[in-house]
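# Residue-level structural notes
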Amino acid sequence: AVDGELQARLNHHWLPEQVNLRREQGELRLTGTPQRFRWQAQDLTLEGLSLALGPRAIPRPLHGAFGGSGSLELQPLSFEGRVRLDRPELLGVGAAGLTATVAYNDRKYRVSGAVRPFGGGSVTMRLLGHWRGPLQADFEARGLSALPFRQLRSEEHTSELQSPCNLVCRLLLE
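Before going into details, it helps to say that this report is about the structure given with it.

### Brief notes about the overall build of the protein
Check the secondary structure of the protein and you find two helices and 13 strands. Considering only contacts within the protein whose residues lie at least 6 apart along the sequence, 27% involve residues at least 24 apart. Per element, the accessible surface of the protein, about 11,600 Å² overall, is 56% carbon and sulfur.

Take a look at the structure:
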C-alpha cells in the first residue's frame, strides 16, 4: 500500500475550499468551491488505486503517475483538463506515457490525445461518447513494435473488448 496524506480546509458551511492529496512524491490540489474547483496534479502515484470502466465496470488496478490541470464541478458532475499519465496500462497493455485533453459535461465525454508505447511508435486517439451509451473511437497507430500486440494477446482482458474497432483488432491478433 502507498502511504498518503489528505488535508482539507473547510469554509464556515463545512464545505471544502482547498484539498491536498499527497502520495509518495506527488500531489493533487483542489482549490475553489464545490461549484467549481481548479485542480492541479503533479506526479501523483496511481499505484494501489483502481478504475472501473466498460459495461461490466470491473475494477482494474492503475499504474504509473498522474499530472495535469483543469476544472471540476461536483453538482452536476463536470470536469475538463489536460492530463499526463506516466506508465499507464489498459487491458494489460502498458505504455511509456499518455497525454490527453479530457472533458465530461452533461453525461457526455470527449478525450483526445496521444500514447507513447513501449518499444517505439505512436498512437493518437479521439473518443466521443455518452455515459452508459454509444462510443465513437478513432485510433491511429504509426511505427509500433510487436510488443503491445503481444501484451494484449497474452492478457485475459480480450474478452472485455466490446467495440467493433476492438473486435477487428482482436481478430487480427488471434
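Moving on, there is more to tell.
### Looking at the nonpolar core
Within the largest apolar cluster, 18 residues are counted, with the highest numbers of intra-cluster contacts made by Leu-30, Trp-39, Phe-66, Val-83, Ala-100, Val-115 and Met-125. When contributions to this core are tallied by element, the ones reaching two or more residues are strand S4 (36–45), strand S7 (65–74), strand S10 (93–105) and strand S12 (122–130).

### Let's talk about the environment of Arg-107
By the secondary structure assignment, Arg-107 is in the loop between S10 and strand S11 (108–117). C-alpha separation for the pair Arg-107 and Arg-132, spaced 25 residues apart in sequence, amounts to 8.7 Å. Filtering out sequence-adjacent residues up to four positions away, Arg-107 remains in contact with Gly-129, His-130 and Trp-131.

### A word on the pattern of salt bridges
Any two side chains of opposite charge can pair, so long as their charged atoms come close to each other. Under the definition given, this model contains nine salt bridges. Here Arg-22 makes a salt bridge to Glu-5, at a shortest N to O gap of 3.6 Å. With Arg-22 in strand S2 (residues 16–23) and Glu-5 in strand S1 (residues 4–10), the pair connects residues that are 17 residues apart, well separated along the chain. One salt bridge in this structure joins Glu-73 and Arg-36, with 2.8 Å as the shortest N-O distance. Here Arg-36 lies in strand S4 and Glu-73 lies in strand S7, a separation of 37 residues in the sequence. According to the relative accessible area criterion, Glu-73 is partly exposed, its value standing at 22%. Linked through salt bridges whose partners overlap, the residues forming this network are Glu-5, Arg-22, Glu-27 and Arg-29.

### Brief notes about the side chain of Thr-45
Relative to the helices and strands, Thr-45 resides in strand S4. Of the polar contacts made by the side chain of Thr-45, one reaches the backbone nitrogen of Glu-47; its length is 3.4 Å. Setting aside residues up to four positions removed in sequence, Thr-45 forms contacts with Val-2, Arg-23, Glu-24, Gly-64 and Ala-65.

### Focus on a nonpolar patch on the surface
Where nonpolar side chains cluster on the molecular surface, the patch consists of Leu-74, Leu-77 and Phe-79 and spans about 240 Å² of accessible area. Structurally, Leu-74 can be placed in strand S7. Leu-74 sits in the partly exposed class, given a relative accessible area of 41%.

### Describing unusual backbone geometry
With a phi angle near 65°, Trp-14 is a residue other than glycine that sits in the positive phi range. We note that Arg-87 has phi near 60°; this positive angle belongs to a residue other than glycine. Mapped onto the elements of the fold, Arg-87 is located in the loop between strand S8 (77–86) and strand S9 (89–90).

### Focus on the side chain of Ser-78
On the secondary structure map, Ser-78 appears in strand S8. Side-chain polar atoms of Ser-78 contact the backbone oxygen of Tyr-104, separated by 3.3 Å. Not counting chain neighbours up to four residues away, the residues in contact with Ser-78 comprise Ser-71, Leu-72, Glu-73, Tyr-104 and Asn-105.

### Thoughts on the pairing of S11
Summarising the sheet, S10 and S11 pair through 10 bridges and their orientation is antiparallel. Pairing of Ala-95 across the sheet is with Pro-117, part of S11. Linking two consecutive strands that pair antiparallel, namely S10 and S11, is a turn of two residues; a positive phi of about 55° is found at Asp-106 within it. Bridge count for S11 against S12 is eight bridges, and the pairing is antiparallel. Each bridged residue has a counterpart across the sheet, and for Ala-114 the counterpart in S12 is Thr-124.

Quick notes on the rules
In this numbering scheme, every chain counts its residues from 1 along its sequence in written order. pLDDT decides what is reported in this predicted model: residues at 70 or higher carry local features, side-chain atom pairs at 80 or more are listed and counted, and totals for whole chains, interfaces and linings draw on all residues regardless. Hydrogens and waters are ignored; side-chain quantities use all the structure's heavy atoms. Counting from the N terminus, the helices are DSSP H or I runs at least four residues long and the strands are E runs at least two residues long. By definition in these notes, contact holds between two residues if any of their heavy atoms fall within 4.5 Å. All accessible-area figures derive from a Shrake-Rupley calculation using a 1.4 Å probe, and residue coverage is judged against the displayed protein chains alone. Here, nonpolar core means buried Ala, Val, Leu, Ile, Met, Phe, Trp, Tyr and Cys residues that are tied together by side-chain atoms lying within 4.5 Å of each other. Relative accessibility under 20% of the residue-type maximum defines a buried residue, over 50% an exposed one, and the middle range a partly exposed one, all with a 1.4 Å probe and only protein chains included. The rule for a salt bridge is simple: a side-chain nitrogen of Lys or Arg has to be within 4 Å of a carboxyl oxygen of Asp or Glu. Polar contact is defined as a pair of N or O atoms within 3.5 Å, subject to the rule that within protein one atom must be able to donate a hydrogen and the other to accept it, and that residues adjacent in sequence are counted only when both atoms are side-chain atoms. Patch membership requires over 30% relative accessible area and the absence of a salt bridge. Like charges are linked within 9 Å, and nonpolar side chains (Val, Leu, Ile, Met, Phe, Trp, Tyr) within 5 Å. Between any two strands, at least two bridges found by DSSP are needed for them to pair.

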